[in-house]
Amino acid sequence: MNYTENFEKLVSIMDELREKCPWDKKQTIQTLRAMTIEETYELTDAITEENWQGIKEELGDILLHIIFYSRIAKEQNQFTLNNVLEIICNKLIVRHPHIYGDPANAGQVVKVNDDEDVKRNWEKIKLSEGKSSVLSGVPVSLPAMVKAARIQEKVKQVGFEWKHKKDVWLKVEEEMNELQDAIVNNNVKEVEQEFGDVIFSLVNYARFLNIDAENALEQTNKKFMKRFMRMEEIAKEEGKNLHDMSLEEMDAIWNIVKKENSIS
């Protein structure tokens, strides 16, 4: 089947499940919310691992949730799936005047030089649509590190951005010095605030290095977990228990694991 037939089949299955399956009939937008978040994180895990089979499967799950919410909205006389499709199509056309033309300027195509021009135009259009701030589109519930990167990307579009990478690193060092001062002062609240400033500045520096700070940290998390579990295996093979070992003994095994990883 082609994608149109498959899409219609999925919508039809959702309609049938909603009418006949006790579990599907019971779901609400509130009960689906947590599951949607879980599915989104499963997709991000697959993306981090570059697991294309996993990405394909998780995209299907996300698509199912979109159709599920739309079906519930239709039952509540709020909107339909077709409304969802219309809105996103119209939004993409309006926010890409360099492709489809600017309706506010007789359909004239807007000239852009690069992707940064595209993002600046996008933010300008959002403001013209009634947004009160360039930061209005940042979701409140985003994870803090992801939110920091989005905030920085948003304000960049109005020119609130460092010019040179070295200046960003100087800011990191400045924030780290302020953190050390707060630690010396033994002010817990101040330490927490300054620690947050250090992380925020490091996220900013990551952008200048063209690195996704969230993804970089997640890769480190996975690497640490893999090495630690391997350390547990080696300790068990030697008839030892980590609870009974000194830090020096565990560190010796850790170094063995690191060498294994470097060889592999």
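Residues numbered from 1 in each chain as written. Predicted model: local features only at pLDDT ≥ 70, side-chain atom pairs only at ≥ 80, totals over all residues. Heavy atoms only, no water.

**What to know about the overall build of the protein**
Part 1: Along its length, the protein carries 12 helices and 0 strands.
Part 2: Moving toward the C terminus, one meets the helices and strands of the protein in the order α-α-α-α-α-α-α-α-α-α-α-α.
Part 3: The C-alpha atoms of the protein give 25 Å as radius of gyration, which overshoots the globular expectation for 264 residues (18 Å, by more than 25%).
Part 4: Along the first, second and third principal axes, the C-alpha set of the protein runs to 65 × 50 × 40 Å.
Part 5: Relative to its 264 residues, the protein shows a buried fraction of 25%.
Part 6: Partitioning the contacts of the protein with sequence separation of at least 6, the portion at a separation of at least 24 is 53%.
Part 7: Of the roughly 18,600 Å² of accessible surface on the protein, 56% is carried by carbon and sulfur atoms. (Helix = DSSP H or I, 4+ residues; strand = E, 2+ residues; numbered from the N terminus. Rg over C-alpha atoms; globule rule 2.2 N^0.38 Å. Buried < 20%, exposed > 50% of the residue type's maximum accessible area, 1.4 Å probe, protein only. Contact = heavy atoms within 4.5 Å. Areas by Shrake-Rupley, 256 points an atom, 1.4 Å probe, with all protein chains shown as cover.)

**Describing the confidence of the model for the protein**
Caution applies to low-pLDDT regions: their predicted coordinates should not be interpreted in detail.
Part 1: Of the residues in the protein, 99% have a pLDDT of 70 or more, and the chain-wide mean is 94.
Part 2: Mean pLDDT per element in the protein: helix H7 (residues 115–128) is the minimum at 87, and helix H4 (residues 52–75) is the maximum at 98. (pLDDT = per-residue confidence, 0-100.)

**With respect to the packing of aromatic side chains**
Part 1: Throughout the structure, instances matching the rule amount to 3 aromatic pairs.
Part 2: Centre to centre, the rings of tryptophan 169 and tyrosine 205 are 5.0 Å apart; their planes meet at 45°, and the pair counts as tilted. Taken together, the residues span a long stretch of sequence, with tryptophan 169 in helix H9 (residues 165–185) and tyrosine 205 in helix H10 (residues 188–208) at a distance of 36 residues.
Part 3: Aromatic pair phenylalanine 224 and phenylalanine 228: ring centres 6.1 Å apart, planes at 15°, arrangement stacked. One end of the pair, phenylalanine 224, and the other, phenylalanine 228, are both in helix H11 (residues 213–237), 4 residues apart, so they sit about a helical turn from each other.
Part 4: Here the aromatic cluster, defined as three or more aromatic residues joined through ring pairs, consists of Phe224, Phe228 and Trp254. (Phe/Tyr/Trp six-rings, centres within 6.5 Å; stacked < 30°, edge-to-face > 60°.)

**A closer look at the pattern of salt bridges**
Part 1: For the structure shown, the criterion picks out 22 salt bridges.
Part 2: When the shortest N-O distance is used, the salt bridge between glutamate 19 and arginine 71 registers 3.9 Å. One end of the pair, glutamate 19, is in helix H1 (residues 3–20); the other, arginine 71, is in helix H4, and 52 residues separate them in sequence.
Part 3: For glutamate 233, the salt bridge goes to arginine 230, with nearest N and O atoms at 3.1 Å. Note that glutamate 233 and arginine 230 are positioned in helix H11 at a spacing of 3 residues, about one turn of the helix.
Part 4: A relative accessible area of 43% means that glutamate 233 is categorised as partly exposed.
Part 5: Within this structure, Glu116, Lys119, Glu153, Lys156, Glu161 and Arg207 form a network of salt bridges that share partners. (Salt bridge = Lys/Arg side-chain N within 4 Å of Asp/Glu carboxyl O.)

**Thoughts on the environment of lysine 166**
Part 1: For lysine 166, the location among the structural elements is in helix H9.
Part 2: Residue classification places lysine 166 among the exposed residues on the basis of a relative accessible area of 61%.
Part 3: In this structure, the C-alpha to C-alpha distance between lysine 166 and alanine 149, residues 17 residues apart in sequence, is 18 Å.

**Let's talk about a nonpolar patch on the surface**
Part 1: Judged by side-chain polarity, Ile93, Ile99 and Tyr100 come together as a nonpolar surface patch covering roughly 320 Å² of accessible area.
Part 2: Along the chain, isoleucine 93 turns up in helix H5 (residues 81–94). (Patch = residues over 30% accessible without salt bridge, like charges linked within 9 Å, V, L, I, M, F, W, Y side chains within 5 Å.)

**Examining the nonpolar core**
Part 1: If you look at the biggest cluster of nonpolar residues, it comprises 9 residues: Met231, Ile234, Ala235, Leu242, Met245, Met250, Ile253, Trp254 and Val257.
Part 2: Elements represented by at least two residues in this core include exactly H11 and helix H12 (247–263).
Part 3: Examining the composition of this core, we find that 4 residues originate from one element, H12, more than from any other.
Part 4: For valine 257, the residues in contact, after removing those within four places along its chain, are Arg227, Arg230, Met231 and Ile234.
Part 5: By size, the runner-up hydrophobic cluster in this structure holds 6 residues, among which are Met14, Leu32, Ile67 and Ile72. (Core = buried A, V, L, I, M, F, W, Y, C linked by side-chain atoms within 4.5 Å.)

**With respect to H10**
Part 1: An ideal rise of 1.5 Å per residue puts 30 Å on 21 residues; H10 measures up with 31 Å between its terminal C-alpha atoms.
Part 2: Listed as buried for H10 are Glu194, Val198, Ser201, Val203, Asn204, Tyr205, Ala206, Arg207 and Phe208.
Part 3: Check the buried side of H10 and you find it contacts helix H8 (144–156), H9 and H11.
Part 4: Put simply, asparagine 187 is the residue that caps the front of H10, since its side-chain oxygen is 3.2 Å from the backbone nitrogen of lysine 189.
Part 5: Remark: asparagine 210 follows H10 within two positions and exhibits a positive phi of approximately 60°. (Expected span 1.5 Å × (residues − 1). Polar contact = N/O pair within 3.5 Å; in protein donor to acceptor, adjacent residues only side chain to side chain.)

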